[in-house]
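# Breakdown of the fold
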Amino acid sequence: MFRYLFMSVLSLILVAGNITAYVNHAYAQEVADEEDEDNEVEFTSAVITALSCAKEAEESGEFDVLASCPPHKAFEGIKDIYDNPPQIVVFDVTEGEYFYVQPSKESVYYSDLLEGFGGSIDGSGVIIGEKDGIPVVKLEEFEITPKPKPGFFKGCL
């Protein structure tokens with residue numbers, strides 16, 4: 001009898017422990033999902049530019065700087081361009097914010113960003129950290145529209 005009672009109490013303790021663990025896991029997952037939503041970023045026609053041009057546009061409020069930014073500005077202050085990445089950011093004009101992009105094999109490469117320099121990028125991603133006070137985004141999907149070459153559009157006159 002004592003053995004049966006002991007086994008019943010032990011079973012109830014294990015069931016209660018499993019329920020508590022399940023509730024704690026569900027709560028932790030809910031908190032993690034909310035944090036992911038806070039870190040999600042979406043770009044629509046954001047400009048690919050150099051960090052120095054983005055800072056200048058943010059300070060002056062004039063976004064013409066972004067369109068006329070030369071690609072060599074992405075390498076300003078970099079001593080060894082072969083070992084250090086270019087300082088390229090994505091400037092979201094609608095939000096007035098700029099972000100570093102984390103290159104990866106599954107997503108975007110620096111060469112993609114350099115090729116689209118001065119053009120625009122549409123996409124979405126997640127903020128994964130911060131570098132020098134600037135958020136770093138890992139893009140999940142993106143589409144780069146390069147800057148049109150001069151004389152590309154002749155148009156009807």
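Before reading on, note that the structure itself is shown above.
Rules used throughout
Residues numbered from 1 in each chain as written. Predicted model: local features only at pLDDT ≥ 70, side-chain atom pairs only at ≥ 80, totals over all residues. Heavy atoms only, no water. Disulfide = S-S within 2.5 Å. Helix = DSSP H or I, 4+ residues; strand = E, 2+ residues; numbered from the N terminus. Buried < 20%, exposed > 50% of the residue type's maximum accessible area, 1.4 Å probe, protein only. Pairing = 2+ DSSP bridges. Axes fitted to C-alpha atoms, helices over the stretch in contact; angles between N-to-C directions. Contact = heavy atoms within 4.5 Å. Patch = residues over 30% accessible without salt bridge, like charges linked within 9 Å, V, L, I, M, F, W, Y side chains within 5 Å. Areas by Shrake-Rupley, 256 points an atom, 1.4 Å probe, with all protein chains shown as cover. Salt bridge = Lys/Arg side-chain N within 4 Å of Asp/Glu carboxyl O. Lys, Arg positive; Asp, Glu negative; His and termini not counted. Charge placed at Lys NZ, Arg CZ, Asp CG, Glu CD. Core = buried A, V, L, I, M, F, W, Y, C linked by side-chain atoms within 4.5 Å.

Next up on the list: the state of the cysteines. Working definition: the covalent bond between the sulfur atoms of two cysteines is a disulfide. According to the stated counting rule, one finds one disulfide in the structure shown. Each disulfide pairs two cysteine sulfurs, and for C53 the partner residue is C69, the sulfurs being separated by 2.1 Å. Across the S-S bond of C53 and C69 the torsion is about 75°, and the bridge reads as right-handed. Of this pair, C53 sits in helix α2 (residues 51-60) while C69 is found in the loop between α3 (64-67) and β2 (88-92), placing the two residues 16 residues apart along the sequence. Looking at C53, the relative accessible area reads 3%, which means it is buried. Judged by relative accessible area, which is 5%, C69 ranks as buried.

The next subject is the sheet that holds strand β1 (residues 40-50). If you walk around this closed barrel you meet the five strands as β1-β2-β3-β5-β4, and the pairing is mixed. Neighbour-to-neighbour, the strand axes of this sheet turn through a mean angle of 55°, independent of strand direction. Along the sheet, α2 contacts β1, β2, β3 (97-101) and β5 (134-145); its crossing angle with β1, the most-contacted strand, is approximately 105°.

Next up on the list: a negative patch on the surface. Judged by side-chain charge, E56, E58, E59, E62, D64, E95 and E97 come together as a negatively charged surface patch. For the negative patch, the leading source of residues is α2, giving three residues. On the basis of relative accessibility, which here comes to 61%, the residue D64 falls in the exposed class.

The next thing to look at is the pattern of salt bridges. Inspection of every chain in the model, using the stated rule, returns one salt bridge. Notably, a salt bridge pairs E76 with K73, separated by 3.9 Å at the nearest N-O pair. Under the relative-accessibility criterion, E76 is labelled partly exposed at 37%. Accessibility expressed as a relative area gives 24% for K73, which makes it partly exposed.

A few words on the nonpolar core. Generally speaking, nonpolar side chains in soluble globular proteins are found buried as a group. If you look at the biggest cluster of nonpolar residues, it comprises 19 residues, and the most contacted ones within it are F43 and L139. Secondary structure elements with two or more residues in this core: β1, β2, β3 and β5. Looking at this core element by element, the count peaks at five residues for β1. Apart from the residues lying within four places of it in its own chain, the contact partners of L139 are F43, V101, S107, V108, I121, S124 and G125.

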